[in-house]
Amino acid sequence: MPFEVGDVVEGTVLNITDFGAFIQLPEGKTGLVHISEVANTYVKDIREHLKEHDKVKVKILSMDANGRISLSIKKALPKNNKEREPKDFVWQSNRNYNTNSSFEEKLLKFLKDSDERQQQLRKNFDSKRRNTGYRRSNGY
């Protein structure tokens, strides 16, 4: 059975390195799961997630002309079992916005908060500039 990109197959972990794990696929083929493709979270030590001889489901990401096969464990997981992705960065002041407010009210509140932040930043910056300047000596 030849493999195609996008297929999900079961394999066995053959060898673990610092950068990933080599997986034995059916028909004797071997592919590599890069450390970034092991889990949906940051993986510092791959050995905390995989052991040799573990059975894992992997998705085939790519195959090149030299026979190298790139694999992913995290993309082989069913969508409902995936760990939650980190939320986009949210300004702390956004928590104060009323979700029932209209767009215009939210925008006015945001602009007001933004102006207050800018004024505070300018004030801090100006006070630092005044205090860190050098003094000229009388002769120069």
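Heads up: these notes are all about the structure in this document.

Rules and cut-offs
Residues numbered from 1 in each chain as written. Predicted model: local features only at pLDDT ≥ 70, side-chain atom pairs only at ≥ 80, totals over all residues. Heavy atoms only, no water. Pairing = 2+ DSSP bridges. Helix = DSSP H or I, 4+ residues; strand = E, 2+ residues; numbered from the N terminus. Salt bridge = Lys/Arg side-chain N within 4 Å of Asp/Glu carboxyl O. Buried < 20%, exposed > 50% of the residue type's maximum accessible area, 1.4 Å probe, protein only.

Turning next to the pairing of strand 4 (residues 55-63). Across five bridges, strand 1 (residues 8-16) lies against strand 4 in antiparallel orientation. Counted as the bridge partner of Gly 11 is Val 56 from strand 4. Pairing geometry for strand 4 and strand 5 (residues 69-72), over four bridges, is antiparallel. Each bridged residue has a counterpart across the sheet, and for Ser 62 the counterpart in strand 5 is Ser 70. Between strand 4 and strand 5, which pair antiparallel and follow one another directly, the connecting turn spans five residues, one of which, Gly 67, has a positive phi of 90 degrees.

Turning our attention to the pattern of salt bridges. Going through the model one piece at a time under the given rule, you end up with five salt bridges. Here Glu 37 and Lys 75 are joined by a salt bridge, their closest N and O atoms 4.0 Å apart. Here Glu 37 is found in the loop between strand 3 (30-34) and strand 4, whereas its partner Lys 75 is found in the loop between strand 5 and helix 1 (103-131), with 38 residues between them in sequence. Given the relative accessible area of 13%, Glu 37 is considered buried. A salt bridge links Lys 109 to Asp 113, with the nearest nitrogen and oxygen atoms 3.4 Å apart. Taken together, the residues span about one helical turn, with Lys 109 and Asp 113 both in helix 1 at a distance of four residues. Using a relative accessible area of 10% as the deciding quantity, one classes Asp 113 as buried. Within this structure, Asp 18, Asp 45 and Arg 47 form a network of salt bridges that share partners.

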